[in-house]
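Residue strings, one per chain:
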Amino acid sequence: AVVSTQSTGVVQCMEKLGYRVGFSLIEKATKDEARVKEDVDIVKYICKDLWNMLFRKQADNLKTNHTGTFVIQDNRFRFLTRVSQSEQYKQRGELYVAFTCGVVKGALANFGLPCSVTAEIDMSPTVKVTLTLQQPPI
């Protein structure tokens, strides 16, 4: 139990660090551009431009259910391409993914889109990042 609690704390720390990075990246990247307003356009910006800033490539796929949930898929997630596939290194991969979730969450927060961001490692190095936009109260 001690190891999992410590591991959870490290994951949360990586997410917080990623959040700050994502928020700052969007602030700097869009300071001289017109701000994107529509939810879909903002998520497309994340898939194309932010992904390119982070990984030097665009995300491979974007899916939506048109009710505020988006899934970004990267088939060769740059942070995992050189990490061993063994169970021993699985936790390290989870830290990289947690950082990326934080970056995406921070970027979306800068655009004014609060959301929850989760990720799963399908078959390393394939990663699916799920964004669930928080709907404003009616």
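Anything mentioned here points back to the structure above.
Residues numbered from 1 in each chain as written. Predicted model: local features only at pLDDT ≥ 70, side-chain atom pairs only at ≥ 80, totals over all residues. Heavy atoms only, no water.

Enquirer: Requested: an account of the environment of Val36, with residues and values cited.
Expert: Within the element layout of this structure, Val36 appears in the loop between α1 (2–29) and α2 (39–55). Taking the C-alpha atoms as reference points, Val36 and Phe111, separated by 75 residues in sequence, lie 7.8 Å from one another. For Val36, the residues in contact, after removing those within four places along its chain, are Asp41, Ile42 and Phe111. (Helix = DSSP H or I, 4+ residues; strand = E, 2+ residues; numbered from the N terminus. Contact = heavy atoms within 4.5 Å.)

Enquirer: Mind laying out the sheet that holds strand β1 (residues 61–64), listing which residues take part and the relevant values?
Expert: Taken in spatial order, the 4 strands line up as β1-β2-β4-β3 in an open sheet, and their pairing is antiparallel. Since the sheet does not close on itself, it has two edges, and those belong to β1 and β3 (115–121), each with one partner. Taking the axes of each pair of neighbouring strands and ignoring which way they run, one obtains an average angle of 15° across the sheet. Here β3 runs beside strand β4 (residues 127–133); their pairing, made up of 7 bridges, is antiparallel. Counterpart to Ser116 in the pairing with β4 is Thr132. Seen against the sheet, α2 touches β1, β2 (69–74) and β4 and runs at an angle of roughly 25° to β2. (Pairing = 2+ DSSP bridges. Axes fitted to C-alpha atoms, helices over the stretch in contact; angles between N-to-C directions.)

Enquirer: Describe in detail the packing of aromatic side chains, supporting the description with residues and values.
Expert: What the rule picks out here adds up to 4 aromatic pairs. Measuring from ring centre to ring centre gives 5.5 Å for Tyr45 and Phe111, while their planes differ by 75°; the resulting arrangement is edge-to-face. Taken as a pair, Tyr45 in helix α2 and Phe111 in the loop between α3 (90–110) and β3 lie far apart in primary sequence, 66 residues in all. Tyr45 sits in the buried class, given a relative accessible area of 8%. On the basis of relative accessible area, Phe111 is assigned to the buried category, the value being 11%. Put simply, the rings of Trp51, Phe55 and Phe77 touch in pairs and so form one group of aromatic residues. (Phe/Tyr/Trp six-rings, centres within 6.5 Å; stacked < 30°, edge-to-face > 60°. Buried < 20%, exposed > 50% of the residue type's maximum accessible area, 1.4 Å probe, protein only.)

Enquirer: If you had to explain the pattern of salt bridges to someone new, which residues and values would you point to?
Expert: Two side chains bearing opposite charge may form a pair once their charged atoms approach each other closely. For the structure shown, the criterion picks out 2 salt bridges. For Asp74, the salt bridge is made with Lys57, and the minimal N-O distance between the two is 2.9 Å. Linking Asp74 in strand β2 with Lys57 in the loop between α2 and β1, this pair joins segments that are 17 residues apart in sequence. A residue is classified by how much of its surface remains accessible, and Asp74, at 1% relative accessible area, is buried. Residues joined in a network through salt bridges with shared partners are Lys57, Asp60 and Asp74. (Salt bridge = Lys/Arg side-chain N within 4 Å of Asp/Glu carboxyl O.)

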